[in-house]
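Residue-level structure breakdown
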Number of protein chains: 2
Amino acid sequence: MKVTIQDLAAQLHLTTATVSRALNNHPRISDSTKKAVVELAEKMNYRRNRIASSLRSGKTHTIGVIIPSAEINFFGSVVHGIESIANTNGYNILLYQSNESTEYEQKAIETFIDVRVDGVLASIAKETTDITHYLELKSKGIPLVFFDRSKDMVNIPSVVVDDFKGGYMATQHLLQQGYRRIAHITGQLHLKIFNDRLNGYKSALHAAGIEVDESLIYYGNVSIEAGKEAINYFFGMAEPPDGIFAVEDFTALGVIKAAKEKGISIPEQLGVIGFANESFDEHITPSLSSMDQQTVLMGREAFKLLLELIYEKEEVQLKKVNVVLEPIARFRQSSMRQMIVNKL
Amino acid sequence: MKVTIQDLAAQLHLTTATVSRALNNHPRISDSTKKAVVELAEKMNYRRNRIASSLRSGKTHTIGVIIPSAEINFFGSVVHGIESIANTNGYNILLYQSNESTEYEQKAIETFIDVRVDGVLASIAKETTDITHYLELKSKGIPLVFFDRSKDMVNIPSVVVDDFKGGYMATQHLLQQGYRRIAHITGQLHLKIFNDRLNGYKSALHAAGIEVDESLIYYGNVSIEAGKEAINYFFGMAEPPDGIFAVEDFTALGVIKAAKEKGISIPEQLGVIGFANESFDEHITPSLSSMDQQTVLMGREAFKLLLELIYEKEEVQLKKVNVVLEPIARFRQSSMRQMIVNKL
DNA sequence: GTGAAAGCGCTAACAT
DNA sequence: ATGTTAGCGCTTTCAC
């Protein structure tokens, strides 16, 4: 039933050592025996037991991936990028969801240590502030790369999108479209990504010679509801904004829904742009402008970075590598009052 | 640096066997030694090497999961369900994407065999017609459960949604709303799920005493484009339909987009319902009625079924178990011309 | 270019 | 309730 290298060795009157070398394409094994071994292996339907191999060699060719939830489009897309490239490089993906909880994160890391993954890719849970559990990987010599959600202070490589630039570009776009009183709906500011977008917004205003008006910044919790609340707040003002940059697309969706209810026309009366390029953006009415975070590329880059770390184990891992991806503007109806836009 | 049970055994003047048993909570080990072992393990920061454990025991506590793509919402959601319950049961998920290709599927299965997963959950790639590569798992004694996309002929347990019933319910709903000339846009009919939905459609018409009109069935390829093409076809007819049941939501989306362009009012002039309950459904205008496939539940049920098979290895695995989940109707604006509907 | 021997860390018979 | 012994299947020195 189960064929091992011992069976192959016996049949060929070789030792298991030689068979193992032949299967691993060892340079000092003659081509003839290699051929014989490989052929017999195929004929006998031999399959290497990777558990045994891993135990001896210490390599599992498996990497652990922690995401908040596979249900979130964004992370599904990143995982898609990771798995594709990992696969072509002979690595497998062990998938864990943190559900935004530090406790689950901790469990994942312990499991990864137990199964001796060769490396870990992770996006930090919203709940997590202290990341010492991640540092345990380091102490065990397991390379770690953060993607999307990372921590600034620590010396861990990461792949993120340039949120500052994204915020800047989004705001600049609204300015170029002739909007002048531009508001921002932000998110939990202890998360760097939201903070960066806010700063990009401010910076774009400065660059245009417009003073930041704190009353035009609404502090929300990143949800459809937050967008609706923001509209209520803004359109209760004596002088409401004529443009809104929302920190992400669900917030922007709330803005659009509430604006419709109030009879505020988009993009004529109010320009709207979000962030994330969610799949619904192009299907709603009006279609929603947004900043694409290059999710699949992010996954690929994160894996490539991790792979480098895996191979350079011995060398200085202290160099701080941070890959920063350019956000890509996706301008649609919700913010385009100056051009003819593709009909829905 | 790395602590093994030998270190624990030495410190406590016990054998590795006893330590192993203590750590595994073996019934015949005294509470006192258990306590001592566990405490020392914690103190020395011991972590079981699961590779070694797996090699010896033959169990990896890992299951392989094959999905077409993590980028597809539906599968992300199912994976969410699988991972959650697997995790609470002490199982890890090895994730593979088939990209709808038989070749990748084959690779995934070989890998799963090599790493000795305890079981496999899979959704068959669109391209795949011959599933003998899946049967290899069986021959190696690795349990397999299909979810969503399964094959009827073979004797493999599966968890699917009742597509026939879903098609029936969707069509029936349109009838109840007073639509009389109801069309259907179908998909690749070699896939059972699409075939079942078509039959549900036909059956609902029969039950209402309406003859099936073949000219009202459009054969599409499951895409936004297919929906648009279908509208062109239907509204080129002398007597166009007044209701459309689309085989899934992207097709329905195409219908809505094309209808808007043609000035066909929804739901007044044309009722539309899709299938899948995609996340965009409730955000488009008009919001799209659809049939929910209970994705998270599907993942949970699939795992539970697999777990049973893993534990019953020796027993007859020949019984054909097919869990069929009820689709859940999500009626929204696109099909509701008789009731007052929540505004967007 | 191949063999001999050891061992990765754990678990499971079989003892007692 | 614990010890003895063996071995899961592979890789890897160290020989020659």
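All values derive from a computational prediction rather than experimental measurement.

The rules behind each value
Residues numbered from 1 in each chain as written. Chains lettered and ligands numbered in written order. Predicted model: local features only at pLDDT ≥ 70, side-chain atom pairs only at ≥ 80, totals over all residues. Heavy atoms only, no water. Buried < 20%, exposed > 50% of the residue type's maximum accessible area, 1.4 Å probe, protein only. Helix = DSSP H or I, 4+ residues; strand = E, 2+ residues; numbered from the N terminus. Pairing = 2+ DSSP bridges. Right-handed = clockwise from strand over helix to strand, strands pointing away. UniProt positions renumbered as here; feature names shortened; annotations may be inferred. Core = buried A, V, L, I, M, F, W, Y, C linked by side-chain atoms within 4.5 Å. Contact = heavy atoms within 4.5 Å. Axes fitted to C-alpha atoms, helices over the stretch in contact; angles between N-to-C directions.

Description of the pairing of strand β1 (residues 62-67) of chain A
All names here are of chain A.
- Of all 6 residues that make up β1, 6 are buried, and the element is covered over most of its length.
- When β1 meets strand β2 (residues 92-97), the two strands line up parallel, connected through 6 bridges. When the sheet's bridge partners are listed, I63 is paired in β2 with I93.
- Tracing the backbone out of β1, into helix α5 (residues 73-88) and back to the parallel element β2 gives a crossover that is right-handed.
- Sheet analysis places β1 next to strand β3 (residues 119-122), joined by 4 bridges and oriented parallel. Counterpart to I66 in the pairing with β3 is A122.

So, the UniProt feature "domain: HTH lacI-type" (unreviewed entry) in chain A
- Under the UniProt annotation, "domain: HTH lacI-type" (unreviewed entry) lies at residues 3-57 of chain A.
- Along residues 3-57 of chain A the backbone is 67% helical and 0% strand, and the end-to-end C-alpha distance reaches 20 Å.

Let's talk about the nonpolar core
- Membership of the largest hydrophobic core comes to 72 residues, with the highest contact counts inside it found for F234 of chain A together with F234 of chain B.
- Excluding its chain neighbours within four sequence positions, the residues that come into contact with F234 of chain B are A183, H184, I185, S215, L216, I217, Y218, P240, P241 and I244 of chain B.
- Within the second largest apolar cluster, 56 residues are counted, among which are A70 and V79 of chain A together with L121 and A302 of chain B.

What to know about the sheet that holds strand β8 (residues 243-246) of chain A
Residues and elements named next belong to chain A.
- With parallel pairing, the 4 strands of this open sheet are ordered in space as β7-β6-β8-β9. Edge positions in the sheet fall to β7 (217-219) and β9 (271-273), since each of these pairs with one other strand and no more. In this sheet, neighbouring strand axes are inclined to one another by 15° on average, regardless of whether the strands run parallel or antiparallel.
- Relative to the sheet, helix α9 (residues 192-207) contacts β6 (182-186), β7 and β8, its axis offset from that of β6 by approximately 170°.

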